[in-house]
Amino acid sequence: MLKRVMLWGLGITFSLLGSTAVWAEKTAAFAMPDEYSAKVTKQVLLAGGNAVDAAVAAGFVLAVTYPEAGNIGGGGFMTLFHAKDHNSTAKPLFLDYREKAPQAAFKTLYLDKENNVIPYRSLVGYQASGVPGTVMGLWLAHQRFGSLPWSELLVPAIDYARNGFVVSKQLAQTAVWYQKWIADKSKDPLNFSHYFSALKEGKSFKQPELAKTLQRIAKEGGEEFYRGETARLLVKEMQRHNGLITLDDLHQYQAVWREAVIGEWKGRQIISAPPPSSGGVAIIQLLKMKALLQGELDEALQKGKQDGLSEQVIKTHFYAELEKRVYADRAFYLGDPDFVKVPVKQLISDDYLKQRVQSVLMDEISDFEQIQYGKFETPETTHFSIMDAQGNAVSNTYTLNMPFGSGVVVSGAGFLMNNEMDDFSTKPGVANIFGVVGGKANEIAPEKRMLSSMSPTIVLKDGAVEMVVGTPGGSTIITSVFQTIVNVVEEGMTAQQAVNATRVHHQLLPKDLITYNPELPEETKEALQLMGYQLKKNNYMGDVQLIVQQRGQVSAASDVRGRGVSEVFLSKD
Ligand code: DON
């Protein structure tokens, strides 16, 4: 029987082919990075859509209302725990829709004749973009699992683009910062300000060209972006400014279903992002190494009590010790698995990690050779977590890399292009914008995917979803997800406490530097400085979106650091 459910305030209805049976009400939840994506997610779930339907609708809405990071000109990863329909059992899946290097890219693309990195070339302007993957990713996810019509899921995004949305303080401030930041960094004039200088706090912001682009994608499907008018406009923009992406690049682009990386930890399964992300491997390494050294940590905490050292000091140092090993592995081994062999199984094996933790020092800093490093900048990506009433879950992180990506808007199509090429190792040992280095495994090659830290993660316990978690934050994504999982499972925090808690981060380089957010107590800082650490507040350390299901109770929380909205509510089973 045909059901028509009102999805959108404008009177647009969904046609749902469903049974007449009365649906039981069951708990659904989301943690979304802004109010608009939250509203749309709830509407889709209440209209009988599943977690993937909600993710598709929210993914397109964020491309409009969260233009710093929500996108159709970027890429990302989706970790799923999903059943095709009500009667089959859900299973872990992973969709890689990361950008790829254009065919014209080559190893020394961003080096000058003297072999020095050309500043900002991989970050700003027409040569900084990888071939976008977002539309293909959302399209493939919908084709496999979607239950509501694609064209109708795009209606809310089209509406916000055409009729406007109210700009938040955070978005307005980031836009001002970004315009100043790009002002002198591109050799070609950029059109960012032409499109986005009207982002003013509290004012409505409309994007008519983007509305038309979304309308074409809604009508013609995901392929439109790669073969239709949108593709034509994108390539025209590139050709006008010596950009790299060609029509053939767009034709060749494919999103890929990959095996998620799965680690067993404390009676749970940690399901997370495999290469070309470093996130899943790194998070599983951190959790397992911590478990292997739990006895030593307990002893150190006991001893700390006697010596007057706080738990925070001991744990921060302990995490730094684990993290420097993990980031060293990342720099050496991790890259696109279609180009380099990444020893994932070995890297997360108990044998390897037992050997790796042997050199961890509980009360002093273990030494590492100094390598050249970069600086931290304001990063921007966005993550959302959704669980529907059937227990399907989507953990999705996608990005333009930096806020607003490369600063290039595709004229006539109204969307921003990514600057993901900076995630490649532009030169061995030279750090990217997030201060992380790489070597051969992550060097540039045509059609290769650049290494990522994005870590959309799902934790399963007894075959059901216990946690859906992820965050933006560049290289700090890994340590934020790690600490959030530990906060829930080991520290017994509520979802909100777990995402708000202080996070600390160490990534091997800069040497002995620990960053943190929010402010650490003075005594903690002094004690860590005495050990030899340098400390720096990172004004931005992620925006975790978390759902927790424990002992039959569901809770959801959005990070205080962002403008997210989360909710648990009754929906139709
Ligand atoms: O893929 C990566 O690891 C980065 N491009 C992510 C960038 C990011 O998280 C910026 N965010 N806040």
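On a predicted model such as this, the values are computed, not experimentally measured, just so you know.

### Describing the domain arrangement of the chain
For the chain, the assigned domains are domain 1 (61-76 + 93-257 + 392-442) and domain 2 (261-380 + 455-556). For domain 1 and domain 2, the distance between their C-alpha centres works out to 29 Å. In this assembly, 29 residues from domain 1 lie in contact with 36 residues from domain 2. Buried area between domain 1 and domain 2, summed over both chains or domains, comes out near 2,500 Å², and the portion from carbon and sulfur atoms is 60%. Summed over the shared surface of domain 1 and domain 2, the result is zero salt bridges.

### Section: the pairing of strand E13 (residues 457-461)
Burial within E13 is extensive, with four of its five residues counted as buried. Two strands pair when backbone bridges link them, and strand E10 (residues 268-272) and E13 are joined in this way by four bridges, in the antiparallel orientation. If you follow Ile270 over to E13, its bridge partner there is Val459. Here E13 runs beside strand E14 (residues 464-470); their pairing, made up of five bridges, is antiparallel. Among the inter-strand pairings, Thr457 is bridged to a residue of E14, identified as Val469.

### As for the environment of Lys26
Inspection of the secondary structure assignment puts Lys26 in strand E3 (residues 25-32). Once the C-alpha coordinates of Lys26 and Ile547 are considered, the two residues, 521 residues apart in sequence, prove to be 15 Å apart. Other than its neighbours up to four places away in sequence, Lys26 contacts Ala389, Phe569, Leu570, Ser571 and Asp573.

### Some remarks on the packing of aromatic side chains
Two numbers describe a pair of aromatic rings. These are the distance of the centres and the angle of the planes. For the structure shown, the criterion picks out 25 aromatic pairs. For the pair Phe77 and Phe94, a centre-to-centre distance of 5.4 Å together with 35° between the ring planes defines the contact as tilted. Taken together, the residues span a long stretch of sequence, with Phe77 in strand E4 (residues 75-82) and Phe94 in strand E5 (residues 91-97) at a distance of 17 residues. Using a relative accessible area of 0% as the deciding quantity, one classes Phe77 as buried. By relative accessible area, which is 0% here, Phe94 ends up buried.

### With respect to the site of the ligand
The local shell around the ligand holds 17 residues, among which Thr381, Glu420, Asp423, Ser452 and Gly474 are the closest. A distance of 2.5 Å separates an oxygen atom of the ligand from a polar atom in the side chain of Thr381. The separation between an oxygen atom of the ligand and a polar side-chain atom of Ser452 is 2.6 Å. For the ligand, whose free accessible area comes to 340 Å², the fraction covered by protein is 99%. A breakdown of the residues in the shell around the ligand according to their chemical character gives six nonpolar, seven polar and four charged.

Calculation rules
- Residues numbered from 1 in each chain as written.
- Predicted model: local features only at pLDDT ≥ 70, side-chain atom pairs only at ≥ 80, totals over all residues.
- Heavy atoms only, no water.
- Domains from an automatic or database assignment.
- Contact = heavy atoms within 4.5 Å.
- Buried area = accessible area lost by both parts, 1.4 Å probe.
- Salt bridge = Lys/Arg side-chain N within 4 Å of Asp/Glu carboxyl O.
- Buried < 20%, exposed > 50% of the residue type's maximum accessible area, 1.4 Å probe, protein only.
- Helix = DSSP H or I, 4+ residues; strand = E, 2+ residues; numbered from the N terminus.
- Pairing = 2+ DSSP bridges.
- Phe/Tyr/Trp six-rings, centres within 6.5 Å; stacked < 30°, edge-to-face > 60°.
- Near = heavy atom within 4 Å.
- Polar contact = N/O pair within 3.5 Å; in protein donor to acceptor, adjacent residues only side chain to side chain.
- Areas by Shrake-Rupley, 256 points an atom, 1.4 Å probe, with all protein chains shown as cover.
- Nonpolar A, V, L, I, M, F, W, Y, C, P; charged D, E, K, R; others polar.

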